[in-house]
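Analysis of the macromolecular model
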Amino acid sequence: MKDLFSVDGKTVLVTGGSRGIGLMIARGFVAAGAHVIISSRKADVCEAVAKELAAHGRCEAIPADLGRDEGAQHLAAAVQDRVDKLDVLVNNAGATWGAPLESYPESAFDKLWAVNVKAVFRLTTALLPALRAAADSDDPARVINIGSIDGIRVPMMEVYAYSATKAAVHMLTRSLAHQLAGEQITVNAIAPGPFESKMMAFALDDPGSRSAIEAQIPLGRIGRPEDMAGTAIYLASRAGAYLTGAVIPVDGGLTTHG
C-alpha cells in the first residue's frame, strides 16, 4: 500500500506553478519525490520559486506566456528538449476578471478564453509526444486540468468569462479523456473551491468576507495546500490510474448546495 500513492521519480510539469494553487501542487510533488518543472509568465519569479523548491527536491523553471499561441509551443519544445518523457501535465495557469454585468468587457472573454481554455488545449496537444512516451497500461500518463467550482455552480461574484471558461475546461477534460484513453493517457480535472491565492485575496484578506465564505462551506474552512496537493498526487499515482474524464470538486462540500 505504501507505493499506491507514490509519485517518486515521475516528471511533472505545472503551469502557473509559481504561486497560488499551482505552487501548492508543485510543492507537494517536489516533497513527494517527483522531478518538477514549473512555468509561469514572469521569468524572475518563476526562477526564484524553482530555486526555493529545489532546496527540497528536484525543481526547475521554464518561463512561458501561455496567453499567446507561441507560448505553449515554446514551453512544449523546451520541456521535450530537457526530458525524454512527461509523466504528468498539470494545466493550472489561468486568469479571472470581475465586473458588473452591463459593463463587463468583451476583452475579458477574449483574454480568459485564450489563457483558461485555448492554452490547455494547445499545450496538451503539443506535449502529446512526451506524454505518449510515458504512457503505460499499468501506469498511464496523466493530464490534470485545474477547473473551478465556478464552472459547476453559479458563482457569487460577477465573473462571467471566468465561470464560462472553467465550465469549458471541464468539458474539454471529458473530451480529451475520451480521445486519449486508448493511448493510456488519462485526463481529469480538479475544481477547487476557496483557497488562499491571488485570485481570492480580495475576499479572503478581509476578515468579514472570509468569515462569510467559511460559513457557507459545510466543512467550515478554507482549503489548505495539502488538500490541493493531495488530490493532484492521488490523480498522478497508481491509486488514480483507473480514473479518467472526472471533474473532482475540492471545495469542502460547497457544491453540495447546488
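Residues numbered from 1 in each chain as written. Predicted model: local features only at pLDDT ≥ 70, side-chain atom pairs only at ≥ 80, totals over all residues. Heavy atoms only, no water.

Per an unreviewed UniProt entry, the chain carries the name Glucose 1-dehydrogenase and comes from Verrucosispora sioxanthis. Quoted verbatim from the Sequence similarities (unreviewed entry) field of the UniProt record, the comment on the chain reads "Belongs to the short-chain dehydrogenases/reductases (SDR) family." (UniProt positions renumbered as here; feature names shortened; annotations may be inferred.)

This part is about the side chain of arginine 142. Looking at the secondary structure, you find arginine 142 in strand β5 (residues 141-146). For arginine 142, the residues in contact, after removing those within four places along its chain, are Lys10, Asp87, Val88, Leu89, Leu131, Thr186, Leu235, Ala236, Ser237, Arg238, Gly240 and Ala241. (Helix = DSSP H or I, 4+ residues; strand = E, 2+ residues; numbered from the N terminus. Contact = heavy atoms within 4.5 Å.)

Turning next to the nonpolar core. Core analysis: the largest hydrophobic core is formed by 34 residues, its most contacted members being Leu13, Leu123, Leu127 and Leu131. Elements with a contribution of two residues or more to this core: α3 (69-82), α4 (106-126), α5 (128-134), β5, α6 (160-180) and β6 (185-192). The biggest single contributor to this core is α6, with 6 residues. Among residues more than four places away in sequence, those in contact with leucine 131 are Leu86, Leu89, Thr124, Ala141, Arg142, Val143 and Ile185. Among the nonpolar cores identified, the runner-up in size contains 31 residues, and Ile25, Ile190, Phe195 and Ala236 belong to it. (Core = buried A, V, L, I, M, F, W, Y, C linked by side-chain atoms within 4.5 Å. Buried < 20%, exposed > 50% of the residue type's maximum accessible area, 1.4 Å probe, protein only.)

Side chains of Leu101, Phe109 and Tyr160 sit close together on the surface and give an oily, nonpolar patch of about 280 Å² of accessible area. Looking at where tyrosine 160 falls in the secondary structure, it is placed in helix α6. (Patch = residues over 30% accessible without salt bridge, like charges linked within 9 Å, V, L, I, M, F, W, Y side chains within 5 Å. Areas by Shrake-Rupley, 256 points an atom, 1.4 Å probe, with all protein chains shown as cover. Salt bridge = Lys/Arg side-chain N within 4 Å of Asp/Glu carboxyl O.)

This paragraph deals with a positive patch on the surface. A cluster of like positive charges, contributed by Arg19, Arg41, Lys42 and Lys111, occupies part of the molecular surface. Overall, the relative accessible area of 57% leaves arginine 41 in the exposed class. (Lys, Arg positive; Asp, Glu negative; His and termini not counted. Charge placed at Lys NZ, Arg CZ, Asp CG, Glu CD.)

A few words on the environment of glutamate 52. Following the sequence through the fold, glutamate 52 ends up in helix α2 (residues 43-54). Owing to a relative accessible area of 35%, glutamate 52 belongs among the partly exposed residues under this scheme. Put simply, glutamate 52 and glycine 33 are 19 residues apart on the chain and 15 Å apart in space, counted from C-alpha to C-alpha.

A word on the packing of aromatic side chains. If you walk through the whole model with that rule in mind, you get 2 aromatic pairs. Ring plane angle 70° and centroid distance 5.6 Å describe the contact between tyrosine 104 and phenylalanine 109, whose orientation is recorded as edge-to-face. Here phenylalanine 109 falls in the partly exposed class, since its relative accessible area comes to 37%. Taking the centre distance of 5.2 Å and the plane angle of 85° together, the rings of tyrosine 104 and tyrosine 160 count as edge-to-face. Taken as a pair, tyrosine 104 in the loop between β4 (88-91) and α4 and tyrosine 160 in helix α6 lie far apart in primary sequence, 56 residues in all. In this structure tyrosine 104 comes out as buried when scored by relative accessible area, which is 13%. Ring pairing ties together the aromatic residues Tyr104, Phe109 and Tyr160, which thus form one cluster. (Phe/Tyr/Trp six-rings, centres within 6.5 Å; stacked < 30°, edge-to-face > 60°.)

Our focus in this paragraph is the sheet that holds strand β7 (residues 247-250). Ordered in space as β3-β2-β1-β4-β5-β6-β7, the 7 strands form an open sheet in which the pairing is parallel. At either end of the open sheet lies a strand with only one pairing partner, and these are β3 (58-61) and β7. The average undirected angle you get between the axes of adjacent strands in this sheet is 20°. Two strands pair when backbone bridges link them, and strand β1 (residues 11-15) and β4 are joined in this way by 3 bridges, in the parallel orientation. Counted as the bridge partner of valine 14 is valine 90 from β4. Of the strands in this sheet, β1, β4 and β5 touch α4, which is tilted by about 165° from β4. (Pairing = 2+ DSSP bridges. Axes fitted to C-alpha atoms, helices over the stretch in contact; angles between N-to-C directions.)

With that settled, the discussion passes to helix α9 (residues 225-236). Owing to its 3.6 residues per turn, the α-helix aligns residues three or four sequence positions apart on the same side. End to end, α9 covers 17 Å across 12 residues, agreeing with the expected 16 Å (1.5 Å per residue, within 8%). Of the positions making up α9, those classed as buried are Met228, Ala229, Thr231, Ala232, Ile233, Leu235 and Ala236. (Expected span 1.5 Å × (residues − 1).)

Let us look at the environment of histidine 257. Following the sequence through the fold, histidine 257 ends up in the segment after β7. Classification of histidine 257 by relative accessible area gives exposed; the value is 51%. In this structure the C-alpha to C-alpha distance between histidine 257 and glutamine 216, which are 41 residues apart in sequence, comes to 8.9 Å. Residues in contact with histidine 257, not counting those within four places in the same chain, are Arg153, Gln216 and Pro218. Polar contacts involving the side chain of histidine 257 include one to the main-chain carbonyl oxygen of glutamine 216, which spans 2.7 Å. (Polar contact = N/O pair within 3.5 Å; in protein donor to acceptor, adjacent residues only side chain to side chain.)

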